Amino acid sequence: MSELVSTRIRNTAGKLGLPHLTETISEYIRRADEGKMGYLDFLDLVLSEELAVRDDRRFRQGLRLSRLPHHKTLDEYDFSFQPELDPRKVKDLATLSFVEGKANAALLGPPGVGKTHIAVALAVAACRAGYSIYFTSLDDMVRNLKAAEPAGRLTNKLGTYLRPSVLVVDEVGYQPLERAEANLVFQVISKRYEKGSIILTSKPHTMSRALVGTCSPSRSGTRPAGQRRPRSSGRMPRWTSSCCPLTAPCWARTSLSPAGES
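None of the values given here were measured: they were computed from a predicted structure.

A word on the pattern of salt bridges
Step number 1: Scanning the model with the defined rule gives eight salt bridges in all.
Step number 2: Its salt-bridge partner being Arg-143, residue Asp-139 comes within 2.9 Å of it at the nearest N-O pair. Linking Asp-139 with Arg-143, this pair stays in helix 7 (residues 138-148), spanning four residues, or about one helical turn.
Step number 3: A single network of salt bridges, built from pairs that share partners, joins Glu-27, Arg-30 and Glu-34.

This is the structure in structure tokens:
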């Protein structure tokens, strides 16, 4: 290939927003010559490499904007430390079928069992798959929304929590919510309904108490704020679904217990 053609390709690639191609065209040509590639094989090579570079750039940008506390993956989670946790349940979540279906997931367990690690790992996997993600603690989200409301910026701040495909809400139920705070949380949850997924972490038996005030009357049978849930004669399974709009289409729940604790 003549230098004139190479220069023209670099200039065109730059105008098309393909900076990687401008830097590697000579390498592509060398690989094509050595492999005696046909035209289609060469074109496939260039497009595949460019797509991989663009995906990696999008992934790194997504992580940077996500506010994740770290970027740990499920490969770094020590399941032997939590023998009560069935790895298959976590790996089912890692398929991201719940994200595709715009459903939600709740990770329940006492402090120190790795709930946040798993939630972050699921978010990282979602980001890798092309979904936008955002991380916040419930306390931070409520504080930010409360500060935005009197300043007339509530709608704009709500967008922070409504735009991402996957919203991770950490430490739900660690602090009780006042009615006005619960209403702000409900706005986030209700507006995300069937539009995006939520992954939350919470201690057992505290998630319902923390969010009960966010329920409002509806034709779906949601209880008014403060109304008690009817007693159930059976034990709540570790994985269940709920018809409450707060958790619809479903919350996939799993409990994480300390080693040796059931």
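Still to come is the rest of the account.
Focus: the packing of aromatic side chains
Step number 1: The tally for this structure, following the rule as stated, stands at two aromatic pairs.
Step number 2: The interplanar angle of 70° and the centroid separation of 4.9 Å between the aromatic rings of Tyr-77 and Phe-79 together place this pair among those described as edge-to-face.
Step number 3: With a relative accessible area of 9%, Tyr-77 lands in the buried category.
Step number 4: Using a relative accessible area of 18% as the deciding quantity, one classes Phe-79 as buried.
Step number 5: Between Tyr-134 and Tyr-161, the aromatic rings sit 5.9 Å apart at their centres with planes inclined by 75°, giving edge-to-face as the arrangement. Within this pair, whereas Tyr-134 is found in strand 2 (residues 133-137), its partner Tyr-161 is found in helix 8 (residues 154-162), the two being separated by 27 residues in sequence. As far as burial versus exposure is concerned, Tyr-134 and Tyr-161 are alike and both buried.
Step number 6: The cationic tip of Arg-128 hangs over the ring face of Phe-59; the distance from NZ or CZ to the ring centre is 3.7 Å.

Concerning helix 8
Step number 1: Turning to helix 8, its buried residues are Leu-154, Leu-158, Gly-159, Thr-160 and Tyr-161.
Step number 2: The inward-facing, buried residues of helix 8 contact strand 2, helix 7, strand 3 (166-172) and helix 9 (179-192).

Points about the packing of helix 7 against helix 8
Step number 1: Where helix 7 contacts helix 8, the axes come no closer than 8 Å and their chain directions differ by 160°. Our classification of the angle between helix 7 and helix 8 gives roughly antiparallel. Considering the relative orientation of helix 7 and helix 8, their crossing is right-handed. Facing Asp-140, Met-141, Asn-144, Leu-145 and Ala-148 of helix 7, the residues of helix 8 in contact are Leu-154, Lys-157, Leu-158 and Tyr-161.
Step number 2: Across the contact of helix 7 with helix 8, the residue classes break down as six nonpolar, one polar and two charged.

Side note on the nonpolar core
Soluble globular proteins tend to bury their nonpolar side chains together.
Step number 1: Formed by 29 residues in total, the largest nonpolar core has its most connected members in Leu-68, Ile-118, Ile-133 and Ile-199.
Step number 2: Of all elements in the fold, only helix 3 (39-66), helix 4 (87-94), helix 5 (97-100), strand 1 (104-108), helix 6 (115-128), strand 2 and strand 3 reach the threshold of two or more residues within this core.
Step number 3: The element contributing the most residues to this core is helix 6, with nine residues.
Step number 4: With 19 residues, the next largest nonpolar core counts Leu-138, Val-142, Leu-154 and Val-172 among its residues.

Some words on the pairing of strand 4 (residues 197-202)
Step number 1: Buried residues dominate strand 4, accounting for six of its six residues.
Step number 2: Of the two faces of strand 4, the one lined by Ser-197, Ile-199 and Thr-201 and the one lined by Ile-198, Leu-200 and Ser-202 are each fully buried.
Step number 3: Across four bridges, strand 1 lies against strand 4 in parallel orientation. Looking at strand 4, one finds that Leu-107 is bridged to Thr-201.

Re unusual backbone geometry
Step number 1: The phi dihedral of Lys-36 is positive, around 50°, even though this residue is not glycine.
Step number 2: Along the chain, Lys-36 falls in the loop between helix 2 (19-35) and helix 3.
Step number 3: Positive phi, close to 60°, is recorded for Glu-171, a residue that is not glycine.
Step number 4: Within the fold, Glu-171 resides in strand 3.

Regarding the environment of Val-90
Step number 1: Here Val-90 is to be found in helix 4.
Step number 2: Accessibility expressed as a relative area gives 1% for Val-90, which makes it buried.
Step number 3: Considered as a pair, Val-90 and Leu-122 are 32 residues apart in the sequence and their alpha carbons are 9.0 Å apart.
Step number 4: Ignoring anything within four residues of it in the chain, the contact list for Val-90 reads Leu-74, Phe-79, Leu-85, Ile-118 and Leu-122.

Reading the values: rules and limits
Residues numbered from 1 in each chain as written. Predicted model: local features only at pLDDT ≥ 70, side-chain atom pairs only at ≥ 80, totals over all residues. Heavy atoms only, no water. Salt bridge = Lys/Arg side-chain N within 4 Å of Asp/Glu carboxyl O. Helix = DSSP H or I, 4+ residues; strand = E, 2+ residues; numbered from the N terminus. Phe/Tyr/Trp six-rings, centres within 6.5 Å; stacked < 30°, edge-to-face > 60°. Buried < 20%, exposed > 50% of the residue type's maximum accessible area, 1.4 Å probe, protein only. Lys NZ or Arg CZ within 6 Å of the ring centre and 35° of its normal. Contact = heavy atoms within 4.5 Å. Axes fitted to C-alpha atoms, helices over the stretch in contact; angles between N-to-C directions. Parallel < 35°, antiparallel > 145°, perpendicular 65-115°, else oblique. Left-handed = near helix turned anticlockwise from the far one by under 90°. Nonpolar A, V, L, I, M, F, W, Y, C, P; charged D, E, K, R; others polar. Core = buried A, V, L, I, M, F, W, Y, C linked by side-chain atoms within 4.5 Å. Pairing = 2+ DSSP bridges.

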